[in-house]
Amino acid sequence: AAAGASGEMDLFGAPAPPAGGASSTPKTPVTITPPGGFAGAFAVALVNTGGALSLEMDVTNQGQTPIQQFAVQLNKSTFGLAPTNANIQFPAPIAPGATGSFSVPMTVTPSMVAPGPASTVLQVAIKNMHTQTVFYFQFPYPLYALFKPSGLDSPAFQAKWGTIDPASAASSTVTDMACAATADAAAAKLAGLGMPLAVRVAAGADGVERAYFSAMTMTNCTVLLELAFKAGFNGMKVTVRCDQADKAEVAKAAIEAMLRLQ
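None of the values given here were measured: they were computed from a predicted structure.

What to know about the pairing of strand β11 (residues 170–174)
What you see with β11 is a clean split: Ala-170, Ser-172 and Val-174 sit on the buried side and Ser-171 and Thr-173 on the side with no burial. Here β11 runs beside strand β15 (residues 236–242); their pairing, made up of 5 bridges, is antiparallel. Residue pairing across strands places Ala-170 opposite Val-240, the latter belonging to β15.

What follows is the structure in structure tokens.
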């Protein structure tokens, strides 16, 4: 059976390799090159298109025979991601040296939730159904791919914000964002990624303007965000509160990634 997010995989009944590191950049697909014996190289990304979640892969056939069918399995993970159909049948075989694309529809399911520290790394097994070879890899995905509208209006947001212990918040300062260090620019950036402005508070005696946003993950974890701006400072303070306190750090990392997206 599959183990927790930091444990070994036992997918397709084969032993798992040791856990390894992976790039943390959420802007582009993660490129995976299997070791010898598996005739394919992958570019992988988790994508949310209008609320439909999918694992998008480009595979390059590095072998000597066409690739016709794969099967995919995921290990248990923090947010319970799983394919809705494990079998991938290519419309036409991928010839040696050619590249083909496929999309694996994804869902979240409680039975695939792993206990332990929150993580946005997926452990994946791909099986070539013709050769019966299995390749394991892990890759980080941006948590904002799991965001959906929270449904909180301004009063509801303020009430929810007040119920979450400030001590559980995760904070950072971002200076390398891909937008101007203003509430207007940040609001436009986040709204375009599905995290609309909920409340805006003009600068007071401290000279700090604050803007508040909200989203919810597909697993119904509420993510509340405060961005603080001060005239003359080319950056912003990010503070995230979640009603599931252990998710605050990974949610903060997702917000930082959203602000840095070009």
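So much for the structure itself; the text now carries on.
Digging into helix α2 (residues 183–191)
For α2, every residue scored as buried is listed here: Ala-183, Ala-186, Ala-187, Lys-189 and Leu-190. Down the axis of α2, the smallest arc covering the buried residues is 165°, so these residues share one side. Buried residues along α2 sit in contact with β12 (197–201), β13 (208–217), β14 (222–230), β15 and α3 (248–260).

Things to note about the pattern of salt bridges
For the structure on display, the rule yields 9 salt bridges. In this structure, the salt-bridge partner of Glu-209 is Arg-200, at a minimum N-O distance of 2.7 Å. Residue Asp-246 is joined to Lys-247 by a salt bridge in which the shortest nitrogen-to-oxygen separation is 3.1 Å. For Asp-246, a relative accessible area of 46% corresponds to the partly exposed category. In this structure Lys-247 comes out as buried when scored by relative accessible area, which is 10%. Via salt bridges that share partners, Asp-184, Arg-200 and Glu-209 belong to a single interconnected network.

Rules and cut-offs
- Each chain carries its own residue numbering, running from 1 in the direction its sequence is written.
- Two thresholds apply to this predicted model, a pLDDT of at least 70 for residue-level local features and 80 or more for giving and counting side-chain atom pairs, whereas whole-chain, interface and lining totals are computed over all residues.
- Note that the side-chain values use all heavy atoms of the structure and ignore hydrogens as well as water.
- Each residue gets one of three labels from its accessible area relative to the maximum for its type: buried under 20%, exposed over 50%, partly exposed in between, using a 1.4 Å probe on protein chains only.
- Think of it this way: any DSSP run of H or I at least four residues long counts as a helix, any run of E at least two long counts as a strand, and we number them from the N terminus.
- For two strands to count as paired, DSSP must find a minimum of two bridges between them.
- It is the directions from the helix axis to the C-beta atoms that the arc portrays.
- Contact between two residues is taken to exist if any of their heavy atoms lie within 4.5 Å; hydrogens are not considered.
- In the sections that follow, a salt bridge refers to a side-chain nitrogen of Lys or Arg positioned within 4 Å of a carboxyl oxygen of Asp or Glu.

Any functional reading would require information that these geometric values do not contain.
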